[in-house]
Amino acid sequence: MNYKEKDVINAIQQDKIAFENLYRDINTDLYKMALYMLGNHQIAEETVSETVLDALIGITKLKDETKFESWILKILTNKCKRRMKEKYHKFSVFNPNAQEFEESLNQRVSQEKDIEAKTDVQIALSKLQPKDRMIVTLCVVEGYKSHEVADVLSMKPATVRSRLNRSLANMREYLEVKE
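Everything numeric here is computed off the predicted structure, so don't read it as measured data. Starting afresh in each chain, residues are numbered from 1 along the sequence in its written order. In keeping with the predicted nature of the model, local features appear solely for residues at pLDDT of at least 70, side-chain atom pairs appear and are counted solely at 80 or more, and the whole-chain, interface and lining totals rest on all residues. The side-chain figures draw on all heavy atoms in the structure; neither hydrogens nor water molecules are used.

## Side note on the packing of aromatic side chains
Only rings of Phe, Tyr and Trp enter the pairing, Trp through its six-membered ring, and a pair is recorded when the two centres are within 6.5 Å. The plane angle decides the type: under 30 degrees is stacked, over 60 is edge-to-face, the rest tilted. All told, the structure shown has two aromatic pairs when counted by the stated rule. Arranged with centres 5.1 Å apart and planes meeting at 70°, the rings of Y3 and F68 form a pair that is edge-to-face. Of this pair, Y3 sits in the segment before helix 1 (5-12) while F68 sits in helix 4 (residues 68-87), and the two are 65 residues apart along the sequence. Look at F68 and W71: their rings are 6.0 Å apart centre to centre, the planes differ by 45°, and that puts the pair in the tilted class. In this pair, F68 and W71 both sit in helix 4, three residues apart, roughly one turn of the helix. In textbook terms, an aromatic cluster arises when at least three aromatic residues are bridged by ring pairs, as seen for Y3, F68 and W71. Numbering goes from the N terminus for both helices and strands, where a helix is a DSSP run of H or I of at least four residues and a strand is a run of E of at least two.

## What to know about the nonpolar core
For soluble globular proteins, the rule of thumb is that nonpolar side chains tend to be buried together. To qualify as a nonpolar core, a set must consist of buried Ala, Val, Leu, Ile, Met, Phe, Trp, Tyr and Cys residues joined through side-chain atoms within 4.5 Å. Relative accessibility decides the category of a residue: with a 1.4 Å probe and only protein chains considered, values under 20% of the type maximum give buried, values over 50% give exposed, and everything between is partly exposed. Membership of the largest hydrophobic core comes to 45 residues, with the highest contact counts inside it found for L30, F68, C80, I135, V149 and L153. Contributions of two or more residues to this core are made by helix 1, helix 2 (16-38), helix 3 (41-58), helix 4, helix 6 (113-126), helix 7 (130-141), helix 8 (146-153) and helix 9 (157-178). In terms of residue count, the dominant contributor to this core is helix 2 (nine residues). Contact between two residues is taken to exist if any of their heavy atoms lie within 4.5 Å; hydrogens are not considered. Ignoring anything within four residues of it in the chain, the contact list for L153 reads T77, K81, K131, M134, I135 and L138.

## Focus: the packing of helix 1 against helix 2
Axis angles are defined between N-to-C directions and span 0 to 180 degrees, where every axis is a line fitted to C-alpha atoms and, for a helix, only to the segment in contact. At a minimum axis separation of 8 Å, helix 1 and helix 2 run at an interaxial angle of 135°. By the criterion of interaxial angle, the relationship of helix 1 to helix 2 is oblique. Here helix 1 runs over helix 2; the crossing is left-handed. Contact residues: helix 1 offers D7, V8, N10 and A11, while helix 2 offers A18, F19, N21, L22 and D25. A class-by-class count of the residues in the contact of helix 1 with helix 2 yields five nonpolar, two polar and two charged. For this classification, under 35 degrees means roughly parallel, over 145 means roughly antiparallel, 65 to 115 means roughly perpendicular, and everything else is oblique. If you view the pair so one helix is near and one far, a crossing is left-handed when the near helix is turned anticlockwise from the far one by less than a right angle, and right-handed when it is turned clockwise. Residue polarity is assigned by list, with Asp, Glu, Lys and Arg as charged and Ala, Val, Leu, Ile, Met, Phe, Trp, Tyr, Cys and Pro as nonpolar; anything else, Gly included, falls into the polar class.

## Here's the deal with the side chain of T47
Position of T47 among the secondary structure elements: in helix 3. Relative accessible area serves as the criterion here: at 0%, T47 is assigned to the buried category. N or O atoms within 3.5 Å of each other form a polar contact, as long as, within protein, one can give a hydrogen and the other can take it, and as long as residues adjacent in sequence are counted only when both atoms are side-chain atoms. Reaching out from T47, the side chain makes a polar contact with the backbone oxygen of I43 at a distance of 2.7 Å. The contacts of T47, once residues within four sequence positions are left out, are L38, L76, K79, C80 and R83.

## Focus: the side chain of T77
Inspection of the secondary structure assignment puts T77 in helix 4. Judged by its relative accessible area of 0%, T77 is buried. There is a polar contact of 3.1 Å between the side chain of T77 and the backbone oxygen of K74. Those residues in contact with T77 that lie beyond four places of it in its chain are M37, M134, L138, V152 and L153.

## Details of the pattern of salt bridges
In what follows, salt bridge is the name for a side-chain nitrogen of Lys or Arg lying within 4 Å of a carboxyl oxygen of Asp or Glu. In this structure the tally under the stated criterion is five salt bridges. D29 serves as the salt-bridge partner of K32, at 4.0 Å between the closest nitrogen and oxygen. With K32 and D29 both in helix 2 and three residues apart, this pair spans about one turn of that helix. Given the relative accessible area of 37%, K32 is considered partly exposed. Close ionic contact of K79 with D54 constitutes a salt bridge, the shortest N to O distance being 2.7 Å. Taken together, the residues span a long stretch of sequence, with K79 in helix 4 and D54 in helix 3 at a distance of 25 residues. The structure contains a network of salt bridges with shared partners spanning E46, E50 and R83.

By themselves, these figures tell us nothing about what the structure is for.
Encoded structure:
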């Protein structure tokens, strides 16, 4: 994420303009992460909005401005976890039995091969446990290091690395069977 640390310092001191600048700088990154974790545009947007609102309310409690990124990512991942528990047993890309998933898959079959491959990767990602999905999203898609992900998810870096390797192996296995 690219943002100005000065904006974080000022936002902690309740400067609304600084918080708006932060929001502009990080909104797209938060949305992409939520979308990869949740697989639904509307729910991702709602989750990011809730995250930003909680951040606005709680930013004065942030003691160390250098921890802003891991702090806001932790808020987002917790909200995503909650959303997955609440919503995804009914419908989503992460529930292969859902009717919406089937319709989405049928539409994509007629599209280009790279879109087909992207769908296969999303399906492979959806077969992972929610925490493993978050680890893959944060490490592979967003490029965070294992110690950063460990901080966000309250895990040991070695655990993050082993779960990442196991998850990638599972995804690779699924994708090889698909071909």
